[in-house]
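# Coordinate inspection notes
For reference, the chains in residue letters:
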Amino acid sequence: MKKIHEVEIQNKNILIRIDTDVPIENGKVKNDRRLRASLKTLKYLLENNAKVTIIGHIGRPDGEDPELKIRPVEDKLIELLGTHQNWQILENLRFNKGEEENDPDFARQLAVGQDLFVQDAFATCHRSHASTVGIAKLLPSFAGFSVQHEIENLEKISKDKEKPFTVILGGAKIADKLPVLKNLTSRTQNFLIGGAIGSTFLAARRHHLGESLVEEEAFRDANIVWQSITDEPDRNIFLPIDLVISHSIKKAEGVRVIKTSETLDPETMKEYAIDDIGPKTVEEYKKVIAKSKVIFWNGNMGITEVPAFADGSKQIAEAVAGSEAFSVIGGGDTVGFIENIGLADKVSFCSTGGGATLEYISGKDLPGLKALE
Ligand code: 3PG
């Protein structure tokens, strides 16, 4: 992979792709972590008298969307860089269909007048878009510092053979996460499962989970993955042994803690939903975490938006932060949660990526990185 500090950049016109996909509320950037991740590269370019054109996307718009305009990002970058000299930012790339279609004409428009391209948005490197792959065919292309930093840290967990390696998986989107489970089977000693993924595994194993979030279309694959992990010697997959349940995942109403085995009875969960892992599960998972040498965590253990259902994730976060393991957190929700409870700088690395991080960890080649080779 070609790196930005290995090329002459003085006075060059440079197109840089950064990760502008940040939450926006009332016309303001709500969390600027992804923008801050590219400050080192942006400052390096500007200090070397480059003329910088920044590109990025926000959300998944279908055509132009006033809510997803780039202006709030521009305002935040002016604040973070302390200057608006020698750089400009283009409008949300995804307002143009050519971006996601990787249209060569759109890539050519982006390349006009530029001497080279810098990829500094690791979180989009799993997409084959005009601004990740198309552009790299037209301009000499280099990885920025943020992309390099991601790879250095994620390589430690994908290549490092230190044991035990523990993967903590929660949240939803089981279809995205099953390949990670599958591909990490030979390398991982412990899988600690919670969130809607945990519920999907349980429901696939004939537990009756009432109103809980489960992904029925993933039952078959969940069972296959379960079998492949349990068939391997020295591999453990843990599901919650107790559960926090209530009448709604939106508010704490009729909250109870039950043993998971009670959900084998079709009556137990009628008008109930799972909100969090229970206290016995937390204790069991904490013991595994304490013995781990390497940890990767993606996806919260419960509905952390409701404070009463955030306890499981909070205790897991404290255990990870307090462990001596090399620990990596991926995915917007989990990183956001860890930041909110003030533990982000207590873990080894918080990745800027969501889907890209999962794909990288599961051993897939990311097209946006391949394009830099
Ligand atoms: C992300 O939020 O993970 C990246 O910005 C990629 O966004 P996408 O999943 O909409 O391509």
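As recorded in an unreviewed UniProt entry, the protein goes by the name Phosphoglycerate kinase, listed as coming from Berkelbacteria bacterium GW2011_GWE1_39_12. For the protein, the Subunit (unreviewed entry) comment in UniProt is given as "Monomer." Quoted verbatim from the Catalytic activity (unreviewed entry) field of the UniProt record, the comment on the protein reads "(2R)-3-phosphoglycerate + ATP = (2R)-3-phospho-glyceroyl phosphate + ADP".

Here the focus is the UniProt feature "binding site: substrate" (unreviewed entry) in the protein. Feature annotation in UniProt places "binding site: substrate" (unreviewed entry) on Arg34, His57, Ile58, Gly59, Arg60, Arg94 and Arg127, given in this structure's numbering. A relative accessible area of 68% means that Arg60 is categorised as exposed. Beyond its immediate sequence surroundings of up to four residues, Arg60 is in contact with Leu68, Arg94 and Arg127. Mapped onto the fold, Arg94 is located in the loop between strand S5 (87-89) and helix H4 (97-100). A polar atom in the side chain of Arg94 sits 3.5 Å from the side chain of His57.

What follows concerns the UniProt feature "binding site: ATP" (unreviewed entry) in the protein. The UniProt entry lists Lys177, Glu305, Gly331, Gly332, Asp333 and Thr334 under the feature "binding site: ATP" (unreviewed entry), expressed in the numbering used here. Structurally, Gly331 can be placed in the loop between strand S15 (326-330) and helix H13 (332-340). A relative accessible area of 10% means that Gly331 is categorised as buried. Among residues more than four places away in sequence, those in contact with Gly331 are Asn298, Gly353 and Gly354. Positionally, Thr334 belongs in helix H13. With residues near it in sequence (within four places) discarded, Thr334 still touches Trp297, Asn298, Gly299, Asn300 and Ile329.

Turning our attention to the pairing of strand S8 (residues 165-169). For S8, the buried fraction is high: five of the five residues fall into the buried class. Burial along S8 is two-sided: Phe165, Val167 and Leu169 facing one way and Thr166 and Ile168 facing the other are all buried. In the sheet, S8 pairs with strand S14 (residues 294-298) via five bridges, with the strands oriented parallel. Paired with Phe165 across the bridge in S14 is Val294. Pairing geometry for S8 and strand S9 (residues 190-193), over four bridges, is parallel.

So, on to the pairing of S9. Side-chain alternation along S9 places Asn190 and Leu192 on one buried face and Phe191 and Ile193 on a second face that is also buried. The parallel pair S8 and S9, bridged by helix H8 (residues 174-184), forms a crossover whose chirality is right-handed. In terms of strand pairing, S9 meets strand S10 (residues 236-238) through three bridges, oriented parallel. Among the inter-strand pairings, Phe191 is bridged to a residue of S10, identified as Ile237.

Further remarks concern the layout of surface pockets. Approximately 380 Å³ is the volume attributed to the second largest pocket. Contributing elements (two or more residues each) for the lining of the second largest pocket: helix H7 (145-159), H8, helix H14 (355-361) and helix H15 (367-370). At five residues, the largest contribution of residues to the lining of the second largest pocket is made by H7.

Looking now at the site of the ligand. Within the structure, the ligand sits among Asp21, Arg34, His57, Arg60, Arg94, Ala123 and Arg127. Contacts to the ligand include Asp21, whose side-chain N or O atom sits 2.7 Å from an oxygen atom. His57 places a side-chain nitrogen or oxygen 3.3 Å from an oxygen atom of the ligand. Among the residues forming the shell around the ligand, the class breakdown is one nonpolar, one polar and five charged.

Across the sheet, which stays open at both edges, the three strands sit in the order S12-S11-S13 with antiparallel pairing between neighbours. Each edge of the open sheet is held by one strand with a lone partner, namely strand S12 (256-259) and strand S13 (273-277). Sheet twist, expressed as the mean angle between neighbouring strand axes with direction ignored, is 45 degrees. Taken together, the four bridges between strand S11 (residues 242-246) and S13 define a ladder with antiparallel strand orientation. In the sheet register, Val244 faces S13, and the bridge partner there is Asp276.

Cut-offs and rules
Residues numbered from 1 in each chain as written. Predicted model: local features only at pLDDT ≥ 70, side-chain atom pairs only at ≥ 80, totals over all residues. Heavy atoms only, no water. UniProt positions renumbered as here; feature names shortened; annotations may be inferred. Buried < 20%, exposed > 50% of the residue type's maximum accessible area, 1.4 Å probe, protein only. Contact = heavy atoms within 4.5 Å. Helix = DSSP H or I, 4+ residues; strand = E, 2+ residues; numbered from the N terminus. Polar contact = N/O pair within 3.5 Å; in protein donor to acceptor, adjacent residues only side chain to side chain. Pairing = 2+ DSSP bridges. Right-handed = clockwise from strand over helix to strand, strands pointing away. 1 Å grid on protein atoms, 1.4 Å probe; cavity = no way out; pocket = protein on both sides within 12 Å on 5 of 7 lines; lining within 4 Å. Points joined across faces, edges and corners; volume = space filled by probe spheres on them. Near = heavy atom within 4 Å. Nonpolar A, V, L, I, M, F, W, Y, C, P; charged D, E, K, R; others polar. Axes fitted to C-alpha atoms, helices over the stretch in contact; angles between N-to-C directions.

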